[in-house]
Amino acid sequence: MESIFHERQEGSLCAQHCLNNLLQGEYFSPVELSSIAQQLDEEERMRMAEGGVSSEEYRTFLQQPSVNMDDSGFFSIQVISNALKVWGLELILFNSPEYQRLGIDPINEKSFICNYKEHWFTVRKLGKQWFNLNSLLMGPELISDTYLALFLAQLQQEGYSIFVVKGDLPDCEADQLLQMIRVQQMQRPKLIGEEAAQSRDQRLSRGDVDQAIEVNHPFDGTGMLDEDEENFQRALALSRQEIDMEDEEADLRRAIQLSMQAVAVSSQAHHHRMCLSRLTAARQSPFPQKSCEGEDKHILKNSNNSYSSKIRLQTYRTKQLLVQALQNLAQEEI
């Protein structure tokens, strides 16, 4: 396929591409074809002038634009036919009665030129295989022998004008190479712009999907903020629970510690009371006893003042803490 010359479409220069693809080389340029078109226009003007330059027909002809070319790059069949005459080639209308009477199988021809709505392209045989050299394609399209007649019939049905190229085409590298080998084409070449159109459609499709997602789920940050706020509130609640549990545990430890202190103080007070009892009993006893008057006064003083007050205060606080701790534990179990 690399050896086949194939010009791709540029502007409206399909006539130029058609001729160069047919001849397999850069044989014609827009300037050369324009020169041929101007020559044809001058020949037509001279024929019209034979009827009189002052005639209405001639003045009307001069006011009309050229039928052989225009500013877009279009060239008429007359320009193409005259360009091929330089190479000794002739065009015959494929569906004309004269050609149909010849009964020639299309597979035995060498090339065709097809035209529809000012677009020209070539179908040519290179080596032993047929190729569609349409300049609108990304590359040559292989046409099988069995499909050629059907392909031409389909073009005619679509309104194409088909011309058979008669004469010997110039030698080319692709024709010589394909005489020895046959090529295979796994995939039909795409039209120029088809890939770009597909990628654009894909981008538009993705854009539509993104727009649909945005419409159904508009992203204004609210949803994410709500979720973050909910997570924050949940974490804050758990933190508060942990703090409350830590406070309760601390209160319980303090209550137990105070309770132990209260028990110790109570035991000490009980010891002092026992001493007082023994002292009182000794004084009332008829038997002589060792004087403990100083100790007795010290014990009585402490028991009546500091010990009794401290015991009452710590016992009260301990009861309050124990009650509060028990209430908190009960609420936690609930």
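Before any of the text, the structure's been laid out above.
All values derive from a computational prediction rather than experimental measurement. (Residues numbered from 1 in each chain as written. Predicted model: local features only at pLDDT ≥ 70, side-chain atom pairs only at ≥ 80, totals over all residues. Heavy atoms only, no water.)

S.K.: Summarise the packing of helix H2 (residues 30–49) against helix H4 (residues 77–85); cite the residues concerned and give the values.
M.R.: The N-to-C vectors of H2 and H4 enclose an angle of 110°; their axes lie 9 Å apart at closest approach. One element, H2, and the other, H4, form an angle in the roughly perpendicular class. The way H2 lies across H4 gives a crossing that is right-handed. Packed against H2, whose contacting residues are Leu33, Ile36, Ala37 and Leu40, the element H4 presents Gln78, Val79, Asn82 and Ala83 at the interface. (Axes fitted to C-alpha atoms, helices over the stretch in contact; angles between N-to-C directions. Helix = DSSP H or I, 4+ residues; strand = E, 2+ residues; numbered from the N terminus. Parallel < 35°, antiparallel > 145°, perpendicular 65-115°, else oblique. Left-handed = near helix turned anticlockwise from the far one by under 90°. Contact = heavy atoms within 4.5 Å.)

S.K.: Account for the packing of aromatic side chains, naming residues and giving values.
M.R.: Taken as a whole and judged by the stated rule, the model has 8 aromatic pairs. When the ring of Trp120 is compared with that of Phe163, the centres are 6.4 Å apart and the planes differ by 35°; the resulting orientation is tilted. Taken together, the residues Trp120 in strand S3 (residues 119–126) and Phe163 in strand S6 (residues 161–166) connect sequence positions 43 residues apart. Note on Phe121 and Tyr160: the rings are 5.7 Å apart at their centroids and 80° apart in plane angle, and the pair reads as edge-to-face. Residue Phe121 is located in strand S3, and its partner Tyr160 is located in the loop between helix H6 (145–157) and S6; the two are separated by 39 residues in the primary sequence. For the pair shown, Phe121 and Tyr160 are each scored as buried. Of the aromatic side chains, those joined through ring pairs into one cluster are Phe94, Tyr99, Phe112 and Trp130. (Phe/Tyr/Trp six-rings, centres within 6.5 Å; stacked < 30°, edge-to-face > 60°. Buried < 20%, exposed > 50% of the residue type's maximum accessible area, 1.4 Å probe, protein only.)

S.K.: Kindly report on the side chain of Asp41, identifying the contributing residues and their values.
M.R.: In this structure, Asp41 sits in helix H2. Reaching out from Asp41, the side chain makes a polar contact with the side chain of Ser66 at a distance of 2.6 Å. Every residue in contact with Asp41, bar those within four places of it in the chain, is listed here: Phe61, Ser66, Val67 and Asn68. (Polar contact = N/O pair within 3.5 Å; in protein donor to acceptor, adjacent residues only side chain to side chain.)

S.K.: Residues and numbers for unusual backbone geometry, please.
M.R.: You will see that Lys117, though not glycine, has its phi angle at about 50°, which is positive. With respect to the helices, strands and loops of the structure, Lys117 is situated in the loop between strand S2 (111–116) and S3. Its identity as a non-glycine residue notwithstanding, Glu118 has a phi of 70°, on the positive side. Within the fold, Glu118 resides in the loop between S2 and S3.

S.K.: Please provide a residue-by-residue account of the sheet that holds S2, values included.
M.R.: The strand order across the open sheet formed by 6 strands is S1-S6-S2-S3-S4-S5, and the pairing between neighbours is antiparallel. Where the open sheet ends on each side, the last strands, each with one partner, are strand S1 (90–93) and strand S5 (141–143). Sheet twist, expressed as the mean angle between neighbouring strand axes with direction ignored, is 30°. Both strand S4 (residues 129–132) and S5 contribute to a ladder of 3 bridges, which runs antiparallel. Bridge pairing in S5 places Asn132 opposite Glu141. On top of the sheet, helix H1 (residues 14–23) reaches S2, S3 and S6; it is set at about 5° to S3, its chief contact. Helix-sheet contacts for H6 involve S2, S3, S4, S5 and S6, and the interaxial angle to S5 is about 110°. (Pairing = 2+ DSSP bridges.)

S.K.: Now, about the pattern of salt bridges: what can you tell me, with residues and values included?
M.R.: Evaluation of the coordinates by the stated rule reveals 5 salt bridges. For Arg45, the salt bridge goes to Glu42, with nearest N and O atoms at 2.6 Å. With a gap of 3 residues between them, Arg45 and Glu42 both fall in helix H2, about one helical turn apart. By relative accessible area, Arg45 is classed as partly exposed at 27%. The shortest N-O distance in the salt bridge between Arg59 and Glu56 comes to 2.9 Å. Residue Arg59 and its partner Glu56 are located together in helix H3 (residues 56–63), separated by 3 residues, close to a single helical turn. Under the relative-accessibility criterion, Arg59 is labelled partly exposed at 38%. (Salt bridge = Lys/Arg side-chain N within 4 Å of Asp/Glu carboxyl O.)

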